[in-house]
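Working through the structure, step by step
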Amino acid sequence: MSAAEEVVTEAPAVEAVPKRAMTLGYGTSLVVLAALILTPLFVKNFIIFQMTMVLIYGLAVLALNILTGGSGQFSLGQSAFYAVGAYTSAILMEHANINYALTLPVAGIICFAFGFLFGQPALRLSGVYLALATFALATAMPQLLKLGYFEHWTGGVQGLVVTKPDAPFGLPLSQDMWLYYFTLAITIGIYIASVNLLRSRSGRAFMAIRDNEIAASAMGIDVSLYKTLAFGVSAGITGVAGGLGAIAVQFVAPDGYTITLAISLFLGMVVGGVGWLPGSIVGSAFIIFVPNMAESISKGLSGAVFGVLLFLVIFLVPHGARQVALVAQQLAAKLKKN
Amino acid sequence: MPFKLRTAVLSAAVIAFAASSGSAFAQKKYDTGASDTEIKIGNIIPYSGPASAYGSIGKTEAAYFRMINDRGGINGRKVNFISYDDAYSPPKAVEQVRKLVESDEVLVVFNPLGTPSNTAIQKYLNSKKIPQLFVATGATKWNDAKNFPWTIGWQPSYQSEAHIYAKWLMKEKPDAKIAILYQNDDFGKDYLKGTKDGLGAKASSMIMLEESYEISEPTIDSHIVKIKAANPDVLLIYATPKFAAQTIKKTAELGWKPLQIVTNVSISVGSVMQPAGFENAQGVLSAAYAKDGSDPQWNNDPGMKKWNEFLDKYMPGADKTESALVYGYGAAQTLAKVIEMCGNDLTRANVMKQAASLKNFTPDTLLPGVKINTSATDFAPISQLQMMRFKGQKWELFGEIISGDVLAD
Amino acid sequence: MELFANQVLAGIATGAIYACMALAVVMIYQAIDHLNFAQGEMAMFSTFISWQLMQWGVPYWGSFVLTVGFSFVAGIAIERLLFKPLAKAPILTNVAGFIALYAIINSVAGLIWDFTIKQYPTPFGSSPFLGSQLISTHQAGMIGVTILLLILLFIFFRFTRMGLAMRAAASLPESARLVGINTSWMIALGWGMAAAIGSIAGMLIAPVVFLEPNMMLGVLIYGFAAAVLGGLTSPLGAVVGGFLVGVFENLVGTYIPGVGNELKLPIALALIVTVLVVKPAGLFGRPIVKRV
């Protein structure tokens, strides 16, 4: 192969999403919020549990969205951060008897640090190379959790059983409902913080890096700082989601955090729309409910049905739920005009 | 008034009779999931994902209950078997089991597969007092009637099987130099522990190498090369079918002939021994509790004839070398027996009570002499195995049927 | 020392598996500038086709040729039907498409052929090669075929018009179109060739790891790693990468005390990442300079 260096104008892997298009309008937000608050009052506990899981995976997808949609870095290793968060919460709750609510910030901080550190070597990698590095992290994590050295804390291959918290202050809520509202409050908090982060100076720096790294550094943006920061923030949020997941499922084991989880989160991001934060919830609902749908259509071929459904979605709306929202918006505007 | 009195006396008599006999003649009693016409049974199993090979167990069980229903059901009630995919992921297992319990409202959860998934749902089912019947994993912890009275195992535990190998080695080859190849998960580690416990004080002197592999590895050649370099004369293969077949083949290719013992999980003639090469598998040892669908020695066995007829009619085209088909049939037959024993008292408490009162029950697929026995303190239904040696193209059973219960720690 | 030599030899034998797969990975990367997550499954499906043909009585080489031909056509068909419509969609959407394809192929293969492992024949036999029991004639044959494929690919990309056109279409689509290259068909052709190479890899790997729907799961990870290590643009790099990963992994598993055996894949991957940090385009890849 020739030694001559090749010069390419490479299209950015992630298309530019203007920051205003990353959120929902106030009216729509309020409607969605009302639905999220009121629905649990009318459904079975099992549905509430599923909704809790939608919120939790939604948080994890949101975190990936900040990393990929925000700063343009691609990760197949989110399951590793999720696992670290989950184990942090589980170990603190079961071995140190710390209140579940207090374990979440710890999970978030540990994962932030972990992500920030991982972001350092990842700085020099991009595209498929970064994908491989994060992928390596995802495959390594379950094996690390199984290691004999940590077995005393992690429970090794057997995992840890976690106690589900009751509603505090004697509130007349079932465990599931309490956990749902607890998760909802955290999700809303993190969502608002993420929206503000992306609108802030740092968020603009993320997006400048995403759109053109060299230009961004020419503008005086500390590219390495912001890239690692994006990794840290993303990992931190994923860690909180992992902690919540451990509490909701009441169990952590290496088998729960394989590369399959990372791939699911990635699919959630694509289906929700890369770079569109509200889409995270849509994507999360997709990865939870569509496999169930596929299974009810055909047991033997559930994988194939899932694949076909996924193809349908990306054929119809290659930009994910964001595209649907945009079309709806345009329709609404047209109707108003008439 | 007299009329009323008479009814009262009569019903008192009926109650007294029911109480004294305590059997199928009792008043009809139902919990959620059972009625005059139907019994709802829930199940989770991986139909998708890397462990999808086990999906055949669920398919066999569904087919078995179709057969039962075609024959009029159990005590006149049809079985509604609802099986969901958990993709071998604990969070998904919790979601699906909650769906079975809270949305489909099943009477019991039957034969859920995998140690991680079962651990994830055990607390939930026990707190709701829903039977977690005949779990499809060989971990020892399911035999724990005291702490988890709603969970019961089915197959012999991995540890008790490993005990049997250890005992056999101490008797037949007391100066063996043992190497252990095990899968790095709950399954492999249980075997490792069982072997060490079985060898007792001699474990440290007899075991010279413990080598683990990950299921994501494409081949395990490197492990075999490493083990061979340590030069043991006994190789214990605690591996799933694909890796067990690779091991048997690779040792032969290396021209190395240690005494090999392979776990009961990987004894299928059609899907382990044949791919490994019959000539390579000569002399391999194992232990079994069930018959092998691809082993010609059972061609005229009445039980396996029934099994074959069932497959031909309800699962045409199924691959009979899959041990999952034997497994699912046996487990489903055990459940059918328990429900039959429940008579008209289809409460969850009674189902659990009957599941813990099986006496010398023998499903069609178990080895001659192996019987299912349970009691209020014995939650390990099958605990007998017989050693066997591979010769020609089939397994030859030898020695006595050995019983080895291990209680949960 | 004997153990060392043995592990290196065993590593080369296993590395041949990774090298084979890595070649297919490089092929698709040259055509579409991306990794195809369904590549392993496509290879697995092709291998099942050849197995089925042999069950029906077609001799080994007959089914080999038929399968390679089938895979080539199927690869083109998949591109035309499923991925051409996505050509304008974002790259990440395409990646989601690969994952969907993966799920479909895996599930369909499981339904048709079940999940039990099947013996797969080798044309080379499996007796010891040159007296060494560590490398069987099959593994030696596999190494030979890999090197042959490598030479063919090298000639194709370096000296044929079509190979050059394909490279141009993948790396500079706009300019390629300007000089009259039908870039759309180049991509389809790349898919076809990658599928054909993948099917050869599958048929060579199956005798070692046994044929079953999940057989490529682990192989693909190593194939990717090998291709990335070697530099995704270089067939030679892919093959060298495959052997390096195979040897390296064995040595880690044998000589790093304590965690080496349990963590040999993570350690191997971590070292690859380290190599990439130092040499971001891989060992044999061309560095790419971006223009603002």
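Please read these numbers as outputs of a predicted model, since none were measured by experiment. (Residues numbered from 1 in each chain as written. Chains lettered and ligands numbered in written order. Predicted model: local features only at pLDDT ≥ 70, side-chain atom pairs only at ≥ 80, totals over all residues.)

1. Here's the deal with the overall build of chain C
Operational definition: The helix count covers DSSP runs of H or I at least four residues long, the strand count covers runs of E at least two residues long, and both are numbered beginning at the N terminus. Radius of gyration: over C-alpha atoms. The globule rule applied is 2.2 Å multiplied by the number of residues raised to the 0.38 power. Every C-beta atom is placed from the backbone, and the number of other C-beta atoms within 10 Å of a residue's own sets its class: buried at 20 or more, exposed at 12 or fewer, partly exposed in between. Once C-beta atoms have been placed from the backbone, residue pairs whose C-beta atoms lie within 7 Å are recorded as contacts.
What chain C contains, in helices and strands, is eleven helices and three strands. In chain C, the order of α-helices and β-strands from amino to carboxyl end is α-α-α-α-β-β-α-α-α-α-α-α-α-β. Its C-alpha radius of gyration of 19 Å places chain C within 12% of the 19 Å reference for a compact globule of 292 residues. If you line up chain C on its principal axes, its C-alpha atoms span 60 × 50 × 35 Å. A buried classification covers 59% of the 292 residues belonging to chain C. Taking as baseline every contact in chain C between residues at least 6 positions apart, the subset at least 24 positions apart corresponds to 73%.

2. A short note on the interface of chain C and chain B
Quoted interface sizes are often the accessible area lost when the parts come together. As a reminder, the rule being used: Gly counts as polar in this scheme, as do all residues outside two lists: the nonpolar Ala, Val, Leu, Ile, Met, Phe, Trp, Tyr, Cys and Pro, and the charged Asp, Glu, Lys and Arg.
Taken together, the contact pairs 35 residues of chain C with 30 residues of chain B. Of all elements in the fold, only α1 (2-32), α4 (91-113), β2 (132-136), α8 (183-209), α9 (216-230) and α10 (235-255) of chain C reach the threshold of two or more residues within the side of chain C that touches chain B. The element contributing the most residues to the side of chain C that touches chain B is α1(C), with eight residues. The residue inventory of the side of chain C that touches chain B, partitioned by class, reads 14 nonpolar, 17 polar and four charged.

3. Describing the domain arrangement of chain B
Residue and element names in this part refer to chain B. Rules: Where a domain begins and ends is set by an automatic assignment or by a domain database.
Taken domain by domain, chain B holds domain 1 (24-156 + 300-378) and domain 2 (158-288 + 387-403). Distance between the C-alpha centres of domain 1 and domain 2: 30 Å. Across the boundary between the two partners, domain 1 contributes eleven residues, which contact eleven residues of domain 2. Here the side of domain 1 that touches domain 2 is composed, by residue class, of four nonpolar, six polar and one charged.

4. Quick word on the pairing of strand β12 (residues 384-391) of chain B
Residue and element names in this part refer to chain B. How we decide: A pair of strands is labelled paired if DSSP reports no fewer than 2 bridges between them.
Most of β12 is tucked away, with six of its eight residues classed as buried. Relative to β12, strand β10 (residues 285-288) is paired through four bridges, and the arrangement is antiparallel. Bridge pairing links S286 to M388 in β12. Both β12 and strand β13 (residues 394-403) contribute to a ladder of seven bridges, which runs antiparallel. Bridged to R389 within β13 is E396. Hairpin connection, β12 to β13: the antiparallel pair is bridged by two residues, and G392 has positive phi, about 65 degrees.

5. As for the confidence of the model for chain B
Residue and element names in this part refer to chain B. For the record, the criterion: pLDDT is a per-residue confidence score from the predictor, ranging from 0 to 100.
For chain B, per-residue confidence averages 88 on the pLDDT scale, and 92% of positions sit at 70 or higher. Here residues 1-10 is modelled with pLDDT under 50, and outside its nearest four sequence neighbours on either side it reaches zero contacts, counting other chains as well. Between residues 12-24, whose pLDDT stays under 50, and residues either more than four places distant or in other chains, the model counts six contacts.

6. As for helix α11 (residues 264-278) of chain C
Short version of the rule: A helix is expected to span 1.5 Å multiplied by its residue count minus one.
Given a rise of 1.5 Å per residue, 15 residues ought to cover 21 Å, and the 21 Å separating the end C-alpha atoms of α11(C) matches this to within 8%. C:K264, C:L265, C:P266, C:I267, C:A268, C:L269, C:I272, C:V273 and C:L276 are the residues of α11(C) that are buried. Looking at the buried residues of α11(C), the elements they touch are α4 (100-122) and α5 (127-146) of chain A together with α9 and α10 of chain C.

7. As for the interface of chain C and chain A
If you look at the interface, chain C gives 47 residues, while chain A gives 43 residues. Looking at the side of chain C that touches chain A, the elements that each hand over two or more residues are α4, α9, α11 and β3 (288-290) of chain C. Take the side of chain C that touches chain A: its biggest share by element is 14 residues, from α4(C). Residues that form the side of chain C that touches chain A fall into these classes: 36 nonpolar, seven polar and four charged.

8. Points about the environment of C:G231
Residue and element names in this part refer to chain C. Tracing the chain through its elements places G231 in the loop between α9 and α10. On the basis of neighbour counts, which here come to 25 C-beta atoms within 10 Å, the residue G231 falls in the buried class. Once the C-alpha coordinates of G231 and P128 are considered, the two residues, 103 residues apart in sequence, prove to be 33 Å apart. What G231 contacts, discounting residues up to four positions off in sequence, is G237, A281, G282, L283, F284 and G285.

9. Structural notes on the sheet that holds strand β2 (residues 38-45) of chain B
All names here are of chain B. With parallel pairing, four strands are arranged side by side in an open sheet as β3-β2-β4-β5. Each having just a single partner strand, β3 (78-85) and β5 (132-133) make up the two edges of the open sheet. Note that strand β4 (residues 108-110) and β5 share two bridges and pair parallel. Opposite F110, over in β5, you have L133 as the bridge partner.

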